[in-house]
Amino acid sequence: MNPNLDKLHPYPFEKLRELFAGVTPNAALAPISLGIGEPKHPTPPFIEKALMHAVAGLSNYPSTVGGEPLRAAIAGWLERRYGIPPLDPATMILPVNGSREALFAIAHAVIDANRPDPLVLCPNPFYQIYEGAAYLAGATPYFVNSDPARNFAPDYSAVPDDVWARVQLLYVCSPGNPTGAVLTLEDWRELFALSDRHGFVIAADECYSEIYTGANPPLGALEAAHQLGRHAYTNLIVFSSLSKRSNVPGMRSGFVAGDAAVMKKFLLYRTYCGGAMSPVVQAASIAAWGDEAHVQDNRNLYKEKFHLITPLLREVMDVELPDAGFYLWADVRRTGLSDTEFARRLYAEYNVTVLPGSYLARDAHGTNPGRNRIRMALVAGVDEGLEAANRIVQFCQSLRATH
């Protein structure tokens, strides 16, 4: 067996099941989960209809590169969303079965394990796929801790030059999971300069790009590159998905786009191991990428929840609105409990599930940046989300009463 499999950590939700083992939650309260970042808003009917109308496509083998109409639809969306010139659909865009599998696969296409001590740079806390991809591609993950002073964006200036020299792949998550941090144009300027100097590929995970509470959408990697005059998007590829944007996580529909030279190699890799997207899913995806009204409606639901729930929770814990995304990243030290103790007791006493922040991070550079924090995914409906928030407030107030 591949010895690198032994380096993999349990997934956060496996740790959560272990944490809750033997706990019987309060049966008088209906369960509410804020633990998993799985969209719960209804799938727009027009996407369902497009899916059903395309079932005849099941009689055809799909190609790895995807159909031209889907690639053109994605190119059109990128142009409209980010104000960039049209990308060549034939050489710069590749549909994938959700961004998760593509984020994992890109490490295997990029990493040259024959070079000494290859590194994959990851944010910390992070989406655990990055770490697993690094290990199984024969590299070692190097974690860059989030900086609370920068609204939890990673502090790339803290990375030594000798580390950058070994980096072959940099995973960027903006808006970030779980912190919601969005990189600035100056952040991108710094990363592009480092990529030019050391030759590493930047994989920008942007699956939360369409969920934000402010007036302006988050800056995207391709948008930043264009504004900085990097029109060939050298060593930059972005990953996006319909799962959060359009509430279709079960469709497994996303794309990779960017540097044509990197995309050519990635397509070659995927021709051998990548699953081609079903023609049925492609048809529904074309419909989804072509419509923004449902995205605005979806965003408004999240905005409503954030503006109702955040002030309630702020009374009992340290939490602020994120730059973007649908998570609250809260510090629970005011309660006197650790993140794991908080999650376990909240589940037992109030039947609400949250995820301990330490499960989403690694000990690095003398600290675990997720310790004493919890991640709350505001994916439930408005009423259910408010109910969860009120229970959390009651729980925290009960802790004060017992001290």
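Cut-offs used in this document
- Residues numbered from 1 in each chain as written.
- Predicted model: local features only at pLDDT ≥ 70, side-chain atom pairs only at ≥ 80, totals over all residues.
- Heavy atoms only, no water.
- UniProt positions renumbered as here; feature names shortened; annotations may be inferred.
- Helix = DSSP H or I, 4+ residues; strand = E, 2+ residues; numbered from the N terminus.
- Patch = residues over 30% accessible without salt bridge, like charges linked within 9 Å, V, L, I, M, F, W, Y side chains within 5 Å.
- Areas by Shrake-Rupley, 256 points an atom, 1.4 Å probe, with all protein chains shown as cover.
- Salt bridge = Lys/Arg side-chain N within 4 Å of Asp/Glu carboxyl O.
- Buried < 20%, exposed > 50% of the residue type's maximum accessible area, 1.4 Å probe, protein only.
- Phe/Tyr/Trp six-rings, centres within 6.5 Å; stacked < 30°, edge-to-face > 60°.
- Core = buried A, V, L, I, M, F, W, Y, C linked by side-chain atoms within 4.5 Å.
- Contact = heavy atoms within 4.5 Å.
- Pairing = 2+ DSSP bridges.
- Axes fitted to C-alpha atoms, helices over the stretch in contact; angles between N-to-C directions.
- Parallel < 35°, antiparallel > 145°, perpendicular 65-115°, else oblique.
- Left-handed = near helix turned anticlockwise from the far one by under 90°.
- Nonpolar A, V, L, I, M, F, W, Y, C, P; charged D, E, K, R; others polar.
- Disulfide = S-S within 2.5 Å.

Going by the annotation in an unreviewed UniProt entry, the name recorded for the protein is Succinyldiaminopimelate transaminase, with Massilia suwonensis given as the source organism. One UniProt comment on the protein, placed under Cofactor (unreviewed entry), says "pyridoxal 5'-phosphate".

S.K.: Tell me what's going on with the UniProt feature "domain: Aminotransferase class I/classII large" (unreviewed entry) in the protein, and back it up with residues and numbers.
M.R.: Listed under "domain: Aminotransferase class I/classII large" (unreviewed entry) in the UniProt record, and renumbered for this structure, are residues 32-377. Secondary structure within residues 32-377 divides into 38% helix and 17% strand; the distance between the first and last C-alpha atoms comes to 11 Å.

S.K.: Please provide a residue-by-residue account of a nonpolar patch on the surface, values included.
M.R.: A surface patch of nonpolar side chains, amounting to about 360 Å² of accessible area, comprises Met1, Leu5 and Leu8. Topologically, Leu5 is positioned in the segment before helix H1 (12-20). For Leu5, a relative accessible area of 40% corresponds to the partly exposed category.

S.K.: Tell me about the packing of aromatic side chains, and please be specific about residues and values.
M.R.: Think of a pair of aromatic rings as described by two things: how far the centres are apart, and how the planes are tilted against each other in angle. The tally for this structure, following the rule as stated, stands at 18 aromatic pairs. A ring pair is formed by Tyr11 and Phe13, whose centres lie 6.1 Å apart and whose planes are at 55 degrees; its orientation type is tilted. Measuring from ring centre to ring centre gives 5.2 Å for Phe342 and Phe395, while their planes differ by 75 degrees; the resulting arrangement is edge-to-face. Highlighted residues: Phe342 in helix H13 (residues 339-350) and Phe395 in helix H14 (residues 382-402), separated in sequence by 53 residues. What links up through ring pairs into an aromatic cluster is the set Trp77, Tyr82, Phe255 and Trp289.

S.K.: Residue-level account of the nonpolar core, with values.
M.R.: What tends to happen in soluble globular proteins is that the nonpolar side chains get buried as a cluster. Counting 52 residues, the largest nonpolar core has Leu78, Leu121, Trp188 and Leu191 as its most contacted members. With sequence-adjacent residues up to four places away left out, Leu191 is seen in contact with Tyr156, Trp164, Leu170, Val172, Leu183, Phe200 and Ile202. Counting residues in hydrophobic clusters, the runner-up holds 47 residues, among them Tyr208, Val316, Val332 and Ala343.

S.K.: Describe the sheet that holds strand E2 (residues 93-96), listing the residues and the values that go with them.
M.R.: Across the sheet, eight strands lie side by side as E2-E9-E8-E7-E6-E3-E4-E5; this open sheet has mixed pairing. Edge positions in the sheet fall to E2 and strand E5 (153-154), since each of these pairs with one other strand and no more. Bridging between strand E3 (residues 119-124) and strand E4 (residues 140-147) involves six bridges; their strand directions are parallel. Across the sheet, Val120 pairs through a bridge with Pro141, a residue of E4. Docked against the sheet, helix H7 (residues 185-198) engages strand E6 (167-173), strand E7 (201-205) and strand E8 (236-241), running at close to 150 degrees with respect to E7.

S.K.: Describe the sheet that holds strand E13 (residues 373-377), naming the residues involved and giving the relevant values.
M.R.: One open sheet accounts for three strands, arranged E10-E13-E12; its pairing is antiparallel. Looking at the sheet topology across the chains shown, the edges are occupied by strand E10 (327-331) and strand E12 (355-356). The pairing of E10 with E13 spans five bridges and is classified as antiparallel. Note that in E13 the partner of Leu328 across the bridge is Met376.

S.K.: Help me get a handle on the packing of helix H12 (residues 293-314) against H14, residues and values and all.
M.R.: Direction vectors running N to C along H12 and H14 enclose 10 degrees, while the axes themselves pass 10 Å from each other. Classified by the angle between their axes, H12 and H14 sit roughly parallel to one another. Considering how the two elements wind past one another, H12 and H14 form a crossing that is right-handed. Between H12 and H14, the contacting residues are Leu301, Glu304, Lys305, Leu308, Ile309, Leu312 and Leu313 on the first element and Val382, Gly385, Leu386, Ala389, Asn390, Ile392 and Val393 on the second. For the contact of H12 with H14, the class distribution of residues is 10 nonpolar, two polar and two charged.

S.K.: Please set out the packing of helix H3 (residues 68-82) against helix H11 (residues 279-289) residue by residue, giving values where relevant.
M.R.: Packed helices, taken two at a time, are described by their axes: the angle between them and the distance between them. With their axes 9 Å apart at the nearest point, H3 and H11 run at an angle of 20 degrees to one another. Comparing the axis directions of H3 and H11 gives the class roughly parallel. The chirality of how H3 crosses H11 is left-handed. Mapping the contact onto sequence places Pro69, Leu70, Ala73, Ile74, Trp77 and Arg80 in H3 and Gln282, Ser285, Ile286 and Trp289 in H11.

S.K.: Describe the state of the cysteines, and please don't skip the residues or the numbers.
M.R.: The tally for this structure, following the rule as stated, stands at zero disulfides. Take Cys173: it sits in no disulfide, and the sulfur closest to it among the cysteines is that of Cys207, at 6.0 Å. Sulfur of Cys273: no disulfide; nearest cysteine sulfur belongs to Cys122 and is 19 Å away.

S.K.: So what's going on with the pairing of strand E9 (residues 254-258)? Residues and values would help.
M.R.: Summarising burial for E9: five of the five residues are buried, a large majority. Neither face of E9 is left uncovered, since the one carrying Gly254, Val256 and Gly258 and the one carrying Phe255 and Ala257 both have all their residues buried. When E2 meets E9, the two strands line up antiparallel, connected through four bridges. Looking at the pairing, Pro95 lines up with Phe255 of E9. Where E8 meets E9, five bridges bridge the pair, whose relative direction is antiparallel.

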